[in-house]
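Structural overview for review
The lines below spell out each chain.
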Amino acid sequence: MAPTDVLVIGGGIIGLGVAWRTAQRGLSVAVVDPSPGGGAAQVAAGMLAPVTELQYGEEPLLRLGVASNERYGAFAAELTELTGLDTGYRRTGTLAVALDSDDREELRELHAFHGRLGLESQWLTGRECRRLEPMLAPGVRGGLHVAEDHQVDGRRLAAALVAACKLLGVAFHRTQAAELLVDRDGADGDRAIGVRLLTGEQLTAGRTVLAAGSRSHLLPGLPDGVLPAIRPVKGQVVRLRIPKLYAPFLSRNVRAVVRGQHLYLVPRADGELVIGATTEEMGHDTTVTAGGVYELLRDAHELVPGITELPLVETGAGLRPGSPDNAPLLGPTALPGLAAATGHYRNGVLLTPVTADLLADYLATGELSPLAADFTPDRFRTEVPA
Ligand code: GLY
């Protein structure tokens, strides 16, 4: 098999985005994944909410998220123009609401924090929230409207990315990477040179990109200390259907913290309503549990009582890839020839466009944008004893 310029291990939306953008820059690209377009994007609700989900102390992640959010419209439009496939990108805005006075206080603090950072959000009374979204519970005490936090459909996005990669000549190897190949005889020290597949075939490449989510650090052959452990954080979601008769049931993303758990409802243009998500550290387990579904429906019912009238069409669970600081790993690793695009935790869908651009620029030019400076894998570098 002829070597490619770039080999991407992992064909979730992050790996596919990197492959697509890299192929656009004229490099030859191959992707290794048993089912490209699978992974967490098949489960995710697709809320693009860097401002609504802002956490104290995560301002660098906010900047990355806002940069990606600002690229989303053009990214989605370009994909649709190329492939003819809709990504479900919708400029809906997001309403974060408070169900009690403690929540209201927290949202007020978030609003003040937005103001200090120059971010747009609007404080609304409970009545104003219900005017925007009449299905909200009468007990809603107030909320924050974030006009620029939108949504995309992860499944449609993944399908469009697979199609775009194919149109640009990206080669797909529908199997697993069994081992990272490392050349240990080079004059300049060790270098990643590709992978051996489960089929026994060897693929060589100028640069290998590890984009395998919560399995990234488990690739055999990866030298110790190059990547930290990426922990799988399970999220269960349920999907309901809004019959035409009830539309518009909700017009924008709605979120709240209920009993300490983040809850969100994402209404799509095609009538799907996604409710998520649990946060569970259970290893690589994607079992849907009665308890998980019960909690989601109970909490969503508190927020929007009318959901109990809607048909329940699907349940599912995905794994968020959590790095030790919950921020992504972007760019070159300590092993020459190996770059990372993983560890996106709760923000994989949001960060797909910016990750794709940053990695493709790096792979094409050798230069990593300053936007990635806080996210390089070397922040976790551990010295390995000789
Ligand atoms: N970004 C949504 C979640 O991780 O649940």
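What you see is a predicted model, and the numbers here were worked out from it, not measured in a lab.

Here is what the cut-offs are and how they apply
Starting from 1, residues in each chain are numbered consecutively following that chain's sequence as written. Local features in this predicted model are restricted to residues whose pLDDT is 70 or higher, and side-chain atom pairs enter the listing and the counts only when it is 80 or higher, whereas totals over whole chains, interfaces and linings include all residues. Hydrogen atoms and water are omitted, and side-chain values are computed over all heavy atoms in the structure. We define proximity as follows: a residue is near a molecule or strand when any one of its heavy atoms falls within 4 Å of that partner. Identification of polar contacts relies on pairs of N or O atoms within 3.5 Å, with a donor-acceptor requirement for protein atoms, meaning one able to donate a hydrogen and the other able to accept it, and with residues adjacent in sequence counted only if both atoms are side-chain atoms. For the area figures, the Shrake-Rupley method with a 1.4 Å probe applies, and any residue is considered shielded solely by the protein chains shown. Gly is placed with the polar residues, together with every amino acid not listed as nonpolar (Ala, Val, Leu, Ile, Met, Phe, Trp, Tyr, Cys and Pro) or charged (Asp, Glu, Lys and Arg). UniProt positions are given in the numbering used here, feature names are shortened, and annotations may be inferred rather than shown by experiment. For the purposes of this entry, the term helix denotes a DSSP run of H or I that reaches at least four residues, the term strand denotes a run of E that reaches at least two, and both are numbered from the N terminus. Comment: axis = line fitted to C-alpha atoms, over the contacting stretch for helices; angle = value between 0 and 180 degrees taken between N-to-C directions. Convention used here: angles under 35 degrees read as roughly parallel, angles over 145 as roughly antiparallel, angles from 65 to 115 as roughly perpendicular, and any remaining angle as oblique. The contact criterion used throughout is that any non-hydrogen atoms of two residues lie within 4.5 Å. Only Phe, Tyr and Trp rings are paired, with Trp represented by its six-membered ring, and only when their centres lie within 6.5 Å; those with planes under 30 degrees apart are stacked, over 60 edge-to-face, the remainder tilted. Only protein chains enter the accessibility calculation, which uses a 1.4 Å probe; a residue is then buried when its area is under 20% of its type maximum, exposed when over 50%, and partly exposed in between. Strand pairing is assigned whenever DSSP identifies at least 2 bridges connecting the two strands.

Here we take up the site of the ligand. Around the ligand lies a shell formed by Tyr-264, Ala-277, Arg-320 and Arg-346. Within the side chain of Arg-320, an N or O atom sits 2.6 Å from an oxygen atom of the ligand. Here Arg-346 contributes a backbone N or O atom positioned 2.7 Å from a nitrogen atom of the ligand. Compared with its free state, where it exposes 200 Å², the ligand has 84% of that area covered by protein. Tallied by class, the residues present in the shell around the ligand amount to two nonpolar, no polar and two charged.

Now for the UniProt feature "domain: FAD dependent oxidoreductase" (unreviewed entry) in the protein chain. The sites that UniProt annotates as "domain: FAD dependent oxidoreductase" (unreviewed entry) are residues 5-361. Annotated as 28% helix and 29% strand, the span residues 5-361 places its first and last C-alpha atoms 14 Å apart.

Let us look at the packing of helix H2 (residues 59-83) against helix H7 (residues 352-365). The N-to-C vectors of H2 and H7 enclose an angle of 95°; their axes lie 7 Å apart at closest approach. By the angle between their directions, the pair H2 and H7 is classed as roughly perpendicular. Residues Leu-64, Ala-67, Ser-68, Arg-71, Tyr-72 and Phe-75 of H2 form the contact with H7, whose participating residues are Thr-352, Pro-353, Val-354, Ala-356, Asp-357 and Leu-358. When its residues are assigned to classes, the contact of H2 with H7 shows eight nonpolar, two polar and two charged.

A few words now on the packing of aromatic side chains. Under the definition given, this model contains four aromatic pairs. Summarising the aromatic geometry, the rings of Trp-20 and Phe-75 are spaced 5.4 Å apart at their centres and angled 70° between planes, so their arrangement reads as edge-to-face. Highlighted residues: Trp-20 in helix H1 (residues 13-24) and Phe-75 in helix H2, separated in sequence by 55 residues. Just as Trp-20 is buried, Phe-75 falls in that class too. Summarising the aromatic geometry, the rings of Tyr-56 and Phe-113 are spaced 4.6 Å apart at their centres and angled 25° between planes, so their arrangement reads as stacked. Separated by 57 residues along the polypeptide, Tyr-56 in the loop between strand E3 (47-48) and H2 and Phe-113 in helix H3 (residues 101-117) bring together distant segments of the chain. Judged by its relative accessible area of 6%, Phe-113 falls in the buried class. Among the aromatic residues, those joined into a ring-pair cluster are Trp-20, Tyr-72, Phe-75 and Tyr-89.

This paragraph deals with the sheet that holds strand E4 (residues 94-98). Sheet strands associate in pairs through backbone hydrogen bonding, adopting either a parallel or an antiparallel arrangement. Strand order in the open sheet formed by eight strands is E5-E6-E4-E13-E14-E15-E12-E16, and the pairing between neighbours is mixed. For this open sheet the edge positions go to strand E5 (122-125) and strand E16 (312-322), each flanked by a neighbour on one side alone. In this sheet, neighbouring strand axes are inclined to one another by 20° on average, regardless of whether the strands run parallel or antiparallel. In this structure, strand E13 (residues 253-258) lies alongside strand E14 (residues 261-267), joined through five bridges in antiparallel fashion. Paired with Val-254 across the bridge in E14 is Leu-265.

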